[in-house]
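# Structural features, examined
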Amino acid sequence: MCSVVGSFVRILILFAIGVVLLIVSIALNAATLSTINKRFDEIKNANGQTTVSIGSTTRTTTQPPSSSGNLTDSIRIADLMYHLNELQRIANDASNTRAIGTRGFSETVNYIYNYLAVNAPNLNVVRQPFLVKNFTVKGNPILILSSGGSNRTFTYSTNLARSDFTYANYSAPIALTEFNLTVVPNYGCDPADWQNVAGQAALVVLGGICTFAEKGELANKYNASALLYYNHGLTTASLAPVIARLRQVNTLPAVCLSYAAGQELVRAANMTSASIWLQIEIENYPPFMIENVCANTKEGNINETIVIGGHSDSVPAGPGINDNGSGAMAILVLATNLARLYQSGNYIKYKYRVRFCWWAAEEIGLVGAIYHAQQAQNSSAIIGNRLQDYLINLNYDMLGSPNYMLGVYNGSSAKPGTPPSARNGSIRISETFSSWFDRNNLPWDYTDFSGRSDYGPFLAAGIVAGGLFSGADETKTPEQRARYEEKLGLGQGGLAGAILDPCYHKACDTTDNINQLGYEKMVQAAAYMLEYLGRLDDLPTWLYPNGRQTTELPENYFPNSDYFRDVDS
Ligand SMILES: [Zn+2]
């Protein structure tokens with residue numbers, strides 16, 4: 001009995017010790033977290049850029065937002081960085097990339113899917129698989145200029161800075177063949193430019209108001225036999241050859257030359273009759289399957305869906321933490337936090353369904369988003385999945401650039417041909433973003449809205465679009481720096497004359513490439529936008545006050561692919 005009492009007392013004591021230890025450990029964890037947050041604030045205040053890494057011991061999942069809170073207040077940089085560290089780990093285990101066709105990409109998709117399954121069980125998560133054409137170039141392509149009785153062999157290297165030329169993506173193969181060379185006048189954006197190319201190798205400069213792919217379509221249409229692009233040399237960044245991307249249905253052998261090599265060909269073609277020899281060996285593999293992922297709220301009108309999207313893939317050259325880990329993980333946090341607010345019981349749910357999407361294969365030309373939009377306009381699309389069920393597409397692609405701007409897509413700069421009702425609603429979205437930045441005494445800039453990210457196909461189909469962008473290879477101006485410095489405080493204005501993301505599409509696009517101050521503000525703005533739209537009484541009328549013009553997304557819709565440069569791949 002005594003011993004029983006004794007062991008009972010011992011158990012009690014052990015239990016008490018356990019409880020004390022538990023309390024101490026919780027207190028320590030809280031203290032550690034608050035110290036980290038405090039240090040984080042100090043460091044952030046000191047230089048605007050922090051190097052604090054949030055380890056899995058202090059934070060394994062996002063913190064539930066307070067039940068009375070709103071979505072904007074639920075956004076915390078620590079949650080965002082936690083996810084970016086996970087993407088960095090995935091890339092580290094996969095040769096420093098998360099590009100489609102690699103383990104880094106499939107692990108990224110699994111990470112999003114699995115995280116939602118555990119942390120947002122009240123969302124309906126759907127994978128949308130589709131096939132992508134797959135090939136490799138065998139050996140080194142050959143390009144020889146033959147003029148005035150002499151031959152000149154151009155250098156091929158996978159290092160574009162040292163290469164005279166490179167092959168275009170989705171080039172057709174060609175055994176060593178001689179072609180007469182002809183120069184396409186102007187930028188080759190007008191069909192009239194292509195009248196003399198039949199049976200010839202057509203040489204065309206990059207730039208103008210049309211895309212690689214549009215030039216490729218004209219070359220095919222006017223029966224060119226081969227297609228040679230060359231860089232325009234207008235800036236120091238446009239001297240090397242670039243990876244031109246054609247449509248997957250292209251049938252021409254195609255390469256892209258450096259500015260200097262292009263000039264050499266132009267001179268030769270103008271002086272005498274010049275010809276080129278071209279060889280590109282291509283091995284086609286079976287197409288491979290990749291997936292978009294979308295997570296839907298179960299509440300809200302499925303005929304009035306708010307779509308929030310960003311791309312999940314990186315370029316082959318790097319881990320893509322800013323482009324576009326930053327946007328993809330912003331959407332993951334938005335989805336999780338909204339799901340938790342919905343579960344809390346104290347949050348008024350939106351009248352509209354929200355669909356969060358992670359698009360695959362943006363980096364090879366918005367392939368996942370285009371696939372999704374095309375499926376949504378098929379007559380077989382079910383109610384809730386049709387384009388007409390989508391009210392708006394908000395896009396988040398690059399939110400954490402190190403020398404950032406707080407960039408708002410400028411609705412009024414939508415491409416000519418954009419349905420006016422979609423353009424007008426997009427202007428409203430731009431204004432709503434910019435006035436949020438103004439109210440929070442933050443600087444902001446309007447940025448390009450010509451369809452060069454995943455919102456492109458939605459906008460082209462007549463759906464209002466908008467979004468944020470912290471900058472890629474644009475340069476920060478002195479005026480911009482002064483404005484940011486004034487609003488954000490001394491030392492926060494960034495570097496004038498430097499590009500906004502020096503690691504854009506490069507191996508150094510790691511977690512160190514994120515400006516956490518700017519990133520957090522951008523995601524808060526994104527959260528505000530969702531909540532603002534979700535709370536509107538009549539979102540359809542707010543977006544489309546004069547009714548909605550429905551437009552068929554063209555079968556051959558293709559984005560402005562001049563944007564998609566893997567400068568370092
Ligand atoms: Zn991107």
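Everything numeric in this text was worked out from a predicted model, so none of it was measured.

Criteria and cut-off values
- Here the residue numbering is sequential within each chain, running from 1 through the sequence in written order.
- Only residues with pLDDT of 70 or above have their local features reported here, since the model is predicted, and side-chain atom pairs are shown and tallied only from 80 upward, although totals for entire chains, interfaces and linings are computed over all residues.
- Note that water and hydrogens are dropped before the side-chain values are worked out from all heavy atoms of the structure.
- The aromatic pairing rule takes the rings of Phe, Tyr and Trp, using the six-membered ring of Trp, and pairs them if the centres are within 6.5 Å, calling planes under 30 degrees apart stacked, those over 60 edge-to-face and the rest tilted.
- For every residue, the accessible area obtained with a 1.4 Å probe (protein chains only) is divided by the maximum for its type, and the residue is called buried under 20%, exposed over 50%, and partly exposed between those limits.
- Segments assigned H or I by DSSP are reported as helices when at least four residues long, segments assigned E as strands when at least two residues long, and all are numbered from the N terminus.
- A 2.8 Å cut-off from the metal defines N, O and S donors, relaxed to 3.2 Å for Na, K and Ca; water is not in the atom list, so some sites may appear incomplete.
- Labels for metal geometry use angle windows, namely 85 to 135 degrees for all angles of a four-donor tetrahedral site, and for square planar (four donors) or octahedral (six donors) sites opposite donors over 155 degrees apart plus all others within 65 to 115; sites meeting none of these are irregular.
- A pair of strands is treated as paired once DSSP finds two or more bridges between them.
- With axes taken as lines fitted to C-alpha atoms, and helix axes fitted only over the stretch in contact, angles between N-to-C directions fall between 0 and 180 degrees.
- What sets the label is the angle itself: under 35 degrees gives roughly parallel, over 145 gives roughly antiparallel, 65 to 115 gives roughly perpendicular, and the rest give oblique.
- Throughout, a crossing is termed right-handed when the near helix is turned clockwise from the far one, and left-handed when it is turned anticlockwise from it by less than a right angle.
- The contact definition used throughout considers only heavy atoms, calling two residues in contact when any of these lie within 4.5 Å.
- By the convention adopted, Pro, Cys, Tyr, Trp, Phe, Met, Ile, Leu, Val and Ala count as nonpolar, Lys, Arg, Asp and Glu as charged, and the other residues, Gly among them, as polar.
- Values of pLDDT, ranging from 0 to 100, describe the predictor's confidence in every residue of the model.
- Definition of nonpolar core: a set of buried residues of the types Ala, Val, Leu, Ile, Met, Phe, Trp, Tyr and Cys, connected through side-chain atoms within 4.5 Å.
- Residue ranges labeled as domains rest on an automatic or database domain assignment.

## Some details on the packing of aromatic side chains
Two aromatic rings are characterised by how far apart their centres lie and by the angle between their planes. For the coordinates displayed, the defined rule picks out 18 aromatic pairs. Judged by centre distance (5.6 Å) and plane angle (55°), the ring pair of Tyr156 and Phe165 falls under tilted. The exposure classification of Tyr156 matches that of Phe165, with both residues buried. Ring centres of Trp359 and Phe458 lie 5.6 Å apart, and the angle between their planes is 35°; on these two criteria the pair is classed as tilted. With Trp359 in strand E10 (residues 352–359) and Phe458 in helix H9 (residues 456–460), this residue pair connects regions lying 99 residues apart in the sequence. Given a relative accessible area of 0%, Trp359 falls into the buried group. Among the aromatic residues, those joined into a cluster by ring pairs are Trp436, Phe437, Tyr528, Tyr532 and Trp542.

## What about the coordination of the zinc ion?
Each donor-metal-donor angle in an ideal tetrahedron of four donors is 109.5 degrees, and each such angle in an ideal octahedron of six donors is either 90 or 180 degrees. Listed as protein donors to the zinc ion are His311 (NE2), Asp323 (OD), Asp397 (OD) and Asp397 (OD); their distances from the metal cover 2.0 to 2.8 Å. Around the zinc ion sit four donor atoms; with metal-centred angles ranging over 51 to 149°, the donor geometry is irregular. For His311, a relative accessible area of 0% corresponds to the buried category.

## Re the pairing of strand E1 (residues 123–147)
Bridge count between E1 and strand E8 (residues 275–297): 20 bridges; the pairing is antiparallel. Looking at E8, one finds that Asn134 is bridged to Tyr285. Two strands pair when backbone bridges link them, and E1 and strand E2 (residues 150–153) are joined in this way by four bridges, in the antiparallel orientation. Looking at the pairing, Ser146 lines up with Asn151 of E2. Counted between consecutive antiparallel strands, the loop separating E1 from E2 contains two residues, among which Gly148 sits at a positive phi close to 55°.

## Things to note about the packing of helix H8 (residues 420–439) against helix H11 (residues 516–535)
Where H8 meets H11, the closest approach of the two axes is 10 Å, and the angle between their N-to-C directions is 125°. In terms of their interaxial angle, H8 and H11 are classed as oblique. Between H8 and H11 the crossing geometry is right-handed. Along the contact surface, H8 presents Ile429, Thr432, Phe433, Trp436, Phe437 and Arg439, while H11 presents Lys521, Met522, Gln524, Ala525, Ala526, Tyr528, Met529, Tyr532 and Leu533. Residues belonging to the contact of H8 with H11 are distributed by class as follows: eleven nonpolar, two polar and two charged.

## Re the confidence of the model for the protein
In the predicted model, the protein carries a mean pLDDT of 86, and 86% of its residues have values of at least 70. Confidence drops under pLDDT 50 across residues 1–67; counting only partners more than four residues distant or on other chains, this segment forms 62 contacts.

## Thoughts on the nonpolar core
Membership of the largest hydrophobic core comes to 162 residues, with the highest contact counts inside it found for Trp358 and Tyr519. Shared between two domains, this core takes at least three residues from each, and those domains are domain 1 (72–122 + 298–557) and domain 2 (134–286). Those residues in contact with Trp358, other than ones at most four positions away along the chain, are Ile112, Leu116, Asn292, Val293, Ala295, Gly310, Ser312, Ala328, Ile331, Leu332 and Ala335.

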